[in-house]
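# Inside the fold
These are the residues of each chain, in order.
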Amino acid sequence: MNDLEQDLRELFQIKSRVPPPTPRPPGLLRRARRRQVGTAFVAVLGGLAILGGAFFGARALVTSHPEVRPALPTAPEGFQSVPLPNVSIAYPEDWSLVADDPERTEDRILQLANLEFGVGWGNCEAGYTLPRGGVMLEVQLGGIQGSVPEWPVPLDVLPGPTRPCGADLVLGASWTASGRAFSATGLVTRDASREDVDLMTRAFESLTFPEVAPQTEEFIGHWSRILDVADSPVGPVVLYVYADLDDVRREEPSHWIGIAGPVGSRLAGASQIGRDPPSGDESITMNLDTWGGVVWGDVSSEANRAQLRTVEGFTFPAKLISLPRSIGVENHQAVWGIVEGETGDRVTTLLYDGQGNVLNDLFPVGARISIATGEDPAGGPWELYLDVTNDGTGLGFAFTDGGGGGGCCLRPLKEDFRLDGWGSGGDEPSNITALASDVIARIVFEGVDGTAIEGGLHPVPDESIGVPQVGLVIVPKDVPLEGDLVAYDADGNEVGREFVGETSEPAGPTPEIDAVWQALRAARDASARYFERESTFTTLSLDALVDLAKGPVTFSTRPEPEAVSVFVTDDRHLAMSSSAITGEEFCIAVEAPDSPNSSFNYRYGSVFAQSYDDCSGGW
Amino acid sequence: MDDASPIRAPGGQLAELYERHAPAAARLAYLLTGDRGLAEDLVQEAFVRVVGRFRHLRVPDAFWVYLRRTIVNLHTSQLRHRRLERAYLDREGRDPVPDVGMPDVGAREELWRAILGLPPRQRAAVVLRFYEDLSERETAEVLGCSTAAAKSLIARAMQSLRARIESESP
């Protein structure tokens, strides 16, 4: 053991002699118990559930029901077909469907309406009145006393003065199916459109009854608003949201997102929606089995795109779904997806914002994924690959017997062609890599000395990255690495051209703006030098920046034209802002690398940003 | 895993779990944050998260393993940055909390300042390796990264610490 290690051990022993934490803070155990009750509730009904992101695990009781695939009615265009425990229904996609627990809702098993439901909505006995234009269908277990016909039956107009929920027209039916009695009520207001009444009737006519009920695992909560349905290798799985009405009676209502698969599938459980929107995927729940599994949970509404990635490196699509406004939870949304194939105990939900920035703190580390291999006469064997790191997936190139490297992180390609980067040095040939859409059929490096070198295009094996192809050009050592990388389509038309080689950054559009840009760039480079020396921005001072700055730059602790103000966001992020004497404001957001293989990321903005996140808009 | 003697985390044993693990958790959290108030916040949040998600713990020691991992994850996550740093800022306006550790002198204090200046994941790696005495593989598991990445974090941290100490030596 060396001296520093010994010093560290001694120091930690001394520093760890902090007094014990304060006796249990008030409410701590109450918080823990409440959370535990929720989990237990899930666990009793759920199958094998792995809860809470990357590192929490819980096993739950397994249902003893044999596996049965629910019977689903065919969904016409604009409809979706959903299995509930006692019945399946095809209904208009933009309507609200609620699965009710008949034991807690006086035998009601579903409510369907052309308007948004609220918590506990539709209780006519409690004085609820349908709004104008509203139509609603309710289906109950049990029926009218006496002999009732077998399903199918029509929904007939009921005579009499009864006007539940203030409906102007009441429809009704009773029937038996699979040996059980059912009844339905259709409520129509005076202003309802004929089209909506027809849609309700079609939904009613689509009702399909299982031979044995329940046909699904249980929906947790006695009022479950359906969000989506998806097919899986074990049958259809339903995603829903509900408010825990037991909690509603307490000071803090709780809201949950749950799933229910076919009975016997062990796909059941719910994940609580936290008070604050999650920053990443920390509120994701997984239910994994040997065939794959379902991943779902609550994420910030900031997320614009999501995908699932297993520890083995496989990716699957994930869907983001807005939560109904009536749930009363803002700035959250649901995410879910199906994983196929057995995986380890961890699936990461990768989240991206509207600009393609990753919201997760950490990516799962995975094995290097080879895109292409080859052999160059001068450089020898080479490999073009994807590097799956904690920071994201980067593109890399290396000569097997020599050097190489890559950057991080790839983002979906929005254009047809983009230069990724180039590498040169040592005795090996240089390499140029570019990202290309399927439109690109040929890629050529045109050197300033007139040399033209053909490159190769290689498909990227991971489609979820959003980069269809990678272009690679290997440039011999004796050819100057300065020229244009040109992309052509299959007809020989030039689609894109990017300069390759050392080049200065562009000048500002006016002398006043150029002065600000130069100052910010000098400050940016000084901050990078500081981080390379200190590995943190936390201790950054203006004096240190002044010492490290190469070029004319004035730093200031208050906004003033052409002086740079620095705002440290955290140990790896800062923003630098300034303004021109003509009033225009600019900023550079700096993200320092978190691993030896990654590099600095800079974002340019046209605001006076005071934090890393605030700097946006480009120059 | 030993299935023979499950213990139950919930119910009346919550208090017992807290009393048993909170001191060690507080020490770890303090070494990660360098701030007693932040450390307490971290421990409480981690405790709620772990307890809330476990109905049965079949191996008593597993609770500490998960609690430790949760503390480290919370420390390195944005949750720490957003929530705990807010809490820290709130506290800044109040009287400072005295550091009740042993008096620090000279080089030891320099080393402590250098550790607190490390990026969170590097700091966590060093604390797990040299305070919790975890192997590189175990450190990687807690940090949720590969063993190679954990080794790299530790190496970079040690390099930074050495450079810092050497630069401040007379």
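Residues numbered from 1 in each chain as written. Chains lettered and ligands numbered in written order. Predicted model: local features only at pLDDT ≥ 70, side-chain atom pairs only at ≥ 80, totals over all residues. Heavy atoms only, no water.

### A closer look at the overall build of chain B
The condition is simple: Numbering of helices and strands runs from the N terminus; a helix is a DSSP stretch of H or I covering at least four residues, while a strand is a stretch of E covering at least two. Partly exposed describes any residue whose relative accessible area lies between the buried limit of under 20% and the exposed limit of over 50%, with all areas from a 1.4 Å probe on protein chains only and scaled to the type maximum. Pairs of residues are marked as contacts when any of their non-hydrogen atoms sit within 4.5 Å. The Shrake-Rupley method, run with a 1.4 Å probe, gives the accessible areas here. Residue values count only the displayed protein chains as cover.
The secondary structure content of chain B amounts to eight helices and two strands. Its helices and strands in sequence order give chain B the pattern β-α-α-β-α-α-α-α-α-α, from N to C terminus. Every one of the 170 residues in chain B was classed for burial, and the buried ones make up 52%. Of the contacts made within chain B by residues no fewer than 6 positions apart, 72% connect residues no fewer than 24 positions apart. Working note: accessible area of chain B is about 7,600 Å², and carbon and sulfur atoms make up 50% of it.

### Considerations on unusual backbone geometry
The omega angle of the peptide bond from Trp-151 of chain A to Pro-152 of chain A is 5°, so this bond is cis rather than trans. Each neighbour pair has its own omega, and for Ala-213 of chain A with Pro-214 of chain A the value is 0°, a cis peptide bond. Residue placement: Pro-214 of chain A occurs in the loop between helix H3 (194–205) and strand S11 (223–230). The backbone phi angle of Asp-133 of chain B is positive, close to 60°, even though this residue is not glycine.

### Let's talk about the confidence of the model for chain B
Residue and element names in this part refer to chain B. Heads up, the condition is: The pLDDT value expresses, per residue, how confident the predictor is, ranging between 0 and 100.
Residue-level pLDDT values for chain B average 68, and 63% of them are 70 or greater. Per-element confidence in chain B ranges from a low mean pLDDT of 30 for strand S1 (residues 7–8) to a high of 89 for helix H6 (residues 120–130). For the stretch residues 1–12, pLDDT sits under 50, and the model shows 25 contacts to residues farther than four places along the chain or on other chains. Two numbers describe this predicted complex: its pTM, 0.49, and its ipTM, 0.75.

### Regarding the sheet that holds strand S12 (residues 237–244) of chain A
Sheet strands associate in pairs through backbone hydrogen bonding, adopting either a parallel or an antiparallel arrangement. Residue and element names in this part refer to chain A. Selection criterion: DSSP calls a pair of strands paired once it identifies at least 2 bridges connecting them.
Taken in spatial order, the 10 strands make up an open sheet running S8-S9-S10-S7-S6-S5-S11-S12-S13-S14, and their pairing is antiparallel. In the strand order of this sheet, the two ends are held by strand S8 (156–157) and strand S14 (268–273), each with one partner. Note: S12 against strand S13 (residues 254–260), seven bridges, orientation antiparallel. For Tyr-242, the partnering residue across the bridge sits in S13 and is Trp-256.

### Re the packing of aromatic side chains
All names here are of chain A. Our working rule: Two rings from Phe, Tyr or Trp (for Trp, the six-membered ring) form a pair when their centres sit within 6.5 Å of each other. Planes less than 30 degrees apart are called stacked, planes more than 60 degrees apart edge-to-face, and all others tilted. For a lysine, the NZ atom is tested; for an arginine, the CZ atom; a charge sits over a ring if that atom is within 6 Å of the ring centre and within 35 degrees of the ring normal.
In this structure the tally under the stated criterion is 17 aromatic pairs over all chains. Both rings, one in Trp-151 and one in Phe-204, keep their centres 5.2 Å apart while their planes meet at 75°; by these two values the pair is edge-to-face. Of this pair, Trp-151 sits in the loop between strand S7 (135–141) and S8 while Phe-204 sits in helix H3; the two residues are 53 residues apart in sequence, bridging distant segments of the chain. Lying over the aromatic face of Tyr-602, Arg-524 brings its terminal NZ or CZ to 5.2 Å of the ring centre. In this arrangement the basic side chain of Arg-603 is found over the ring face of Tyr-612, its NZ or CZ atom lying 4.6 Å from the centre.

### Looking at the pattern of salt bridges
Once their charged atoms are close, side chains differing in charge can pair, the charge on each being opposite to the other. Residues and elements named next belong to chain A. Short version of the rule: In the sections that follow, a salt bridge refers to a side-chain nitrogen of Lys or Arg positioned within 4 Å of a carboxyl oxygen of Asp or Glu.
Enumeration according to the criterion identifies 17 salt bridges over all chains in this entry. For Arg-225, the salt bridge is made with Glu-116, and the minimal N-O distance between the two is 3.1 Å. Taken together, the residues Arg-225 in strand S11 and Glu-116 in the loop between strand S6 (108–113) and S7 connect sequence positions 109 residues apart. Among the residues examined, Glu-116 registers a relative accessible area of 34% and is labelled partly exposed. For Arg-497, the salt bridge is made with Glu-494, and the minimal N-O distance between the two is 3.0 Å.

### So, the state of the cysteines
Residue and element names in this part refer to chain A. Inclusion rule: In this description, a disulfide is simply a cysteine sulfur pair whose atoms lie within 2.5 Å.
Under the criterion given, the structure shown has one disulfide over all chains. Linked covalently through their sulfurs, Cys-587 and Cys-615 form a disulfide whose S-S length is 2.1 Å. Around the S-S axis, the bridge from Cys-587 to Cys-615 shows a dihedral of about 100° and counts as right-handed. Of this pair, Cys-587 sits in strand S36 (residues 585–591) while Cys-615 is found in the segment after strand S37 (601–605), placing the two residues 28 residues apart along the sequence. Cys-615 sits in the buried class, given a relative accessible area of 0%.

### Focus on the nonpolar core
In plain terms, the rule: Here, nonpolar core refers to any group of buried Ala, Val, Leu, Ile, Met, Phe, Trp, Tyr and Cys residues whose side-chain atoms link them within 4.5 Å.
If you look at the biggest cluster of nonpolar residues, it comprises 48 residues, and the most contacted ones within it are Leu-8 and Phe-12 of chain A together with Leu-67, Ile-71, Ile-115, Leu-143 and Leu-161 of chain B. Those elements giving two or more residues to this core turn out to be helix H1 (3–15) of chain A together with helix H1 (13–33), helix H2 (36–53), helix H3 (60–76), helix H5 (106–116), H6, helix H7 (136–143) and helix H8 (147–168) of chain B. Grouped together as the second largest cluster of nonpolar side chains are 45 residues, Ala-99, Val-135, Val-197 and Phe-209 of chain A included.

### Things to note about the pairing of S12 of chain A
Residue and element names in this part refer to chain A. The buried fraction of S12 is high, at eight of eight residues. Neither face of S12 is exposed, since Val-237, Leu-239, Val-241 and Ala-243 on one face and Val-238, Tyr-240, Tyr-242 and Asp-244 on the opposite face are all buried. Here S11 folds back onto S12 in antiparallel fashion, the turn holding six residues, of which Gly-235 has a positive phi close to 120°.

### Quick look at the packing of H6 of chain B against H7 of chain B
Residue and element names in this part refer to chain B. Note the following rule: An axis is simply a line fitted to the C-alpha atoms; with a helix, the fit covers only the stretch in contact. Between two such axes, the angle follows the N-to-C directions and lies from 0 to 180 degrees. When describing relative orientation, an angle under 35 degrees is termed roughly parallel and one over 145 degrees roughly antiparallel, while 65 to 115 degrees is termed roughly perpendicular and anything else oblique. Here a crossing is called left-handed whenever its near helix is offset anticlockwise from the far helix by less than a right angle, and right-handed whenever the offset is clockwise. Residues are grouped as follows: Ala, Val, Leu, Ile, Met, Phe, Trp, Tyr, Cys and Pro are nonpolar; Asp, Glu, Lys and Arg are charged; every other residue, Gly included, is polar.
Across the interface, H6 lies against H7 with an axial gap of 10 Å and an inter-helix angle of 135°. Taken as axis vectors, H6 and H7 run oblique relative to one another. For H6 against H7, the interelement crossing comes out right-handed. Residues Arg-121, Ala-124, Ala-125, Leu-128 and Arg-129 of H6 lie in contact with H7, whose contacting residues are Glu-136, Thr-139, Val-142 and Leu-143. Its residues assigned to classes, the contact of H6 with H7 shows five nonpolar, one polar and three charged.

### Brief notes about the packing of H1 of chain A against H6 of chain B
Between two packed helices, both the angle of their axes relative to each other and the distance between the axes serve to describe the pair. Closest axis-to-axis distance for the H1 of chain A/H6 of chain B pair is 10 Å, and the angle between their directions is 85°. Relative to H6 of chain B, the element H1 of chain A lies roughly perpendicular. The segment H1 of chain A lies against H6 of chain B, with Glu-5, Leu-8, Arg-9 and Phe-12 of chain A engaging Val-126, Val-127, Arg-129 and Phe-130 of chain B.

### Observations regarding the sheet that holds strand S20 (residues 347–352) of chain A
All names here are of chain A. Pairing is antiparallel across the open sheet formed by six strands, whose spatial order is S15-S16-S19-S18-S17-S20. A strand with exactly one partner marks an edge of an open sheet, and here the two such strands are strand S15 (284–289) and S20. Pairwise comparison of adjacent strand axes, ignoring direction, gives a mean angle of 20° for this sheet. Note: strand S17 (residues 305–310) against strand S18 (residues 315–322), four bridges, orientation antiparallel. Of the residues in S18, the one forming a bridge with Gln-307 is Pro-317.

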